[in-house]
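The lines below spell out each chain.
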Amino acid sequence: MARSLVIKVTAGADAPERCNQAFTVAAAALASGVPVSLWLTGEASWFALPGRAKEFSLPHAAPLEDLLDAVLAAGRVTVCTQCAARRDITVDDLIDGVRIAGAPAFVEEAVAEGAQALVY
């Protein structure tokens, strides 16, 4: 049975350390060969838009833009349907490779055999 991580990040620039930890864990897991699905919810939803991750800064942390690029290259990035709607974010606004999906898709991924869900 292959192990995978489903990581939900609920914080954005409002809680930069928590936000960056989620992206760092996602990128580190992928670098270790672990499949990752990163869910952007709440204020983290903004990072699905071009240029937004580049604006994020946290001392002594890897640039969020680089971490997001790593996840997009080897994993899956999803924005919560309701979170996107509350922010008037549409599929046309997203970085290439990011999708919008709802709670049923998150639950399906989180309870899949071998999956470990983490929430930041």
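This structure is a prediction, so every number in the text was calculated from the model and none was measured. (Residues numbered from 1 in each chain as written. Predicted model: local features only at pLDDT ≥ 70, side-chain atom pairs only at ≥ 80, totals over all residues. Heavy atoms only, no water.)

## Focus on the sheet that holds strand β3 (residues 76-80)
Part 1: Overall, parallel pairing links the five strands, which are arranged β4-β3-β2-β1-β5 in an open sheet. The sheet is open, and its two borders are formed by β4 (98-101) and β5 (115-119), each paired with just one other strand. Ignoring strand direction, the axes of neighbouring strands in this sheet form an average angle of 25 degrees.
Part 2: Where strand β2 (residues 36-40) lies against β3, four bridges are found, and the strand directions are parallel. Within the sheet, the bridge partner assigned to serine 37 lies in β3 and is arginine 76. (Pairing = 2+ DSSP bridges. Helix = DSSP H or I, 4+ residues; strand = E, 2+ residues; numbered from the N terminus. Axes fitted to C-alpha atoms, helices over the stretch in contact; angles between N-to-C directions.)

## A closer look at the pairing of β4
Residues in a regular strand point their side chains to alternate faces of the sheet.
Part 1: Here β3 pairs with β4 via four bridges, running parallel. Across the sheet, valine 79 pairs through a bridge with isoleucine 100, a residue of β4.
Part 2: The handedness of the β3 to β4 crossover, carried by helix α4 (residues 81-86), is right-handed. (Right-handed = clockwise from strand over helix to strand, strands pointing away.)

## A word on the packing of aromatic side chains
Each aromatic ring pair is specified by the distance between its two centres and by the angle formed by the two planes.
Part 1: Evaluation of the coordinates by the stated rule reveals three aromatic pairs.
Part 2: Taken together, a centroid distance of 6.1 Å and an interplanar angle of 90 degrees make the contact between phenylalanine 23 and phenylalanine 47 edge-to-face. Of this pair, phenylalanine 23 sits in helix α1 (residues 16-31) while phenylalanine 47 sits in the loop between β2 and α2 (52-55), placing them 24 residues apart in sequence.
Part 3: Look at phenylalanine 47 and you get buried, because its relative accessible area is 5%.
Part 4: Aromatic side chains tryptophan 39 and phenylalanine 106 sit 5.4 Å apart centroid to centroid with 85 degrees between the ring planes, which places their arrangement in the edge-to-face category. (Phe/Tyr/Trp six-rings, centres within 6.5 Å; stacked < 30°, edge-to-face > 60°. Buried < 20%, exposed > 50% of the residue type's maximum accessible area, 1.4 Å probe, protein only.)

## Observations concerning unusual backbone geometry
Part 1: The phi dihedral of histidine 60 falls on the positive side, at around 65 degrees, and the residue is not glycine.
Part 2: Of note, aspartate 88 is a non-glycine position whose phi angle comes to about 55 degrees, a positive value.

## Thoughts on helix α5 (residues 103-110)
Part 1: Among all positions in α5, only Phe106, Glu109 and Ala110 are buried. Seen along its axis, α5 keeps its buried residues to an arc of 95 degrees; they face one direction. Across from the buried face of α5, at angles greater than 90 degrees, the exposed residues are Pro104 and Glu108.
Part 2: Contacts made by the buried residues of α5 are with β1 (4-9), β2, β3, β4 and β5. (Arc of directions from axis to C-beta. Contact = heavy atoms within 4.5 Å.)

## A closer look at the nonpolar core
Part 1: Among the nonpolar cores identified, the biggest contains 33 residues, and Phe23 and Leu40 are the most heavily contacted of them.
Part 2: Sorting elements by how many residues they give to this core places α1 first, with seven residues.
Part 3: When near neighbours in sequence (up to four residues on either side) are disregarded, leucine 40 contacts Val9, Phe23, Ser45, Phe47, Ala48, Val77, Thr78, Val79 and Cys80.
Part 4: Trp39, Phe106, Ala110 and Ala115 belong to the second largest nonpolar core, which has six residues in total. (Core = buried A, V, L, I, M, F, W, Y, C linked by side-chain atoms within 4.5 Å.)

## Focus: the side chain of asparagine 20
Part 1: Along the chain, the position of asparagine 20 falls in helix α1.
Part 2: In this view, asparagine 20 contacts Phe56, Leu58, Ala61, Ala62, Leu64 and Leu67; residues no more than four positions away in its chain are not counted.

## A word on α1
Part 1: Compared with an ideal rise of 1.5 Å per residue, which puts 16 residues at 22 Å, α1 spans 22 Å between its outermost C-alpha atoms and is within 8% of the ideal.
Part 2: Of the positions making up α1, those classed as buried are Cys19, Asn20, Ala22, Phe23, Ala26, Ala27, Ala29 and Leu30.
Part 3: Lining the buried residues of α1 we find β1, β2 and α3 (64-74).
Part 4: Directly after α1, the chain includes glycine 33, whose backbone phi takes a positive value near 90 degrees. (Expected span 1.5 Å × (residues − 1).)

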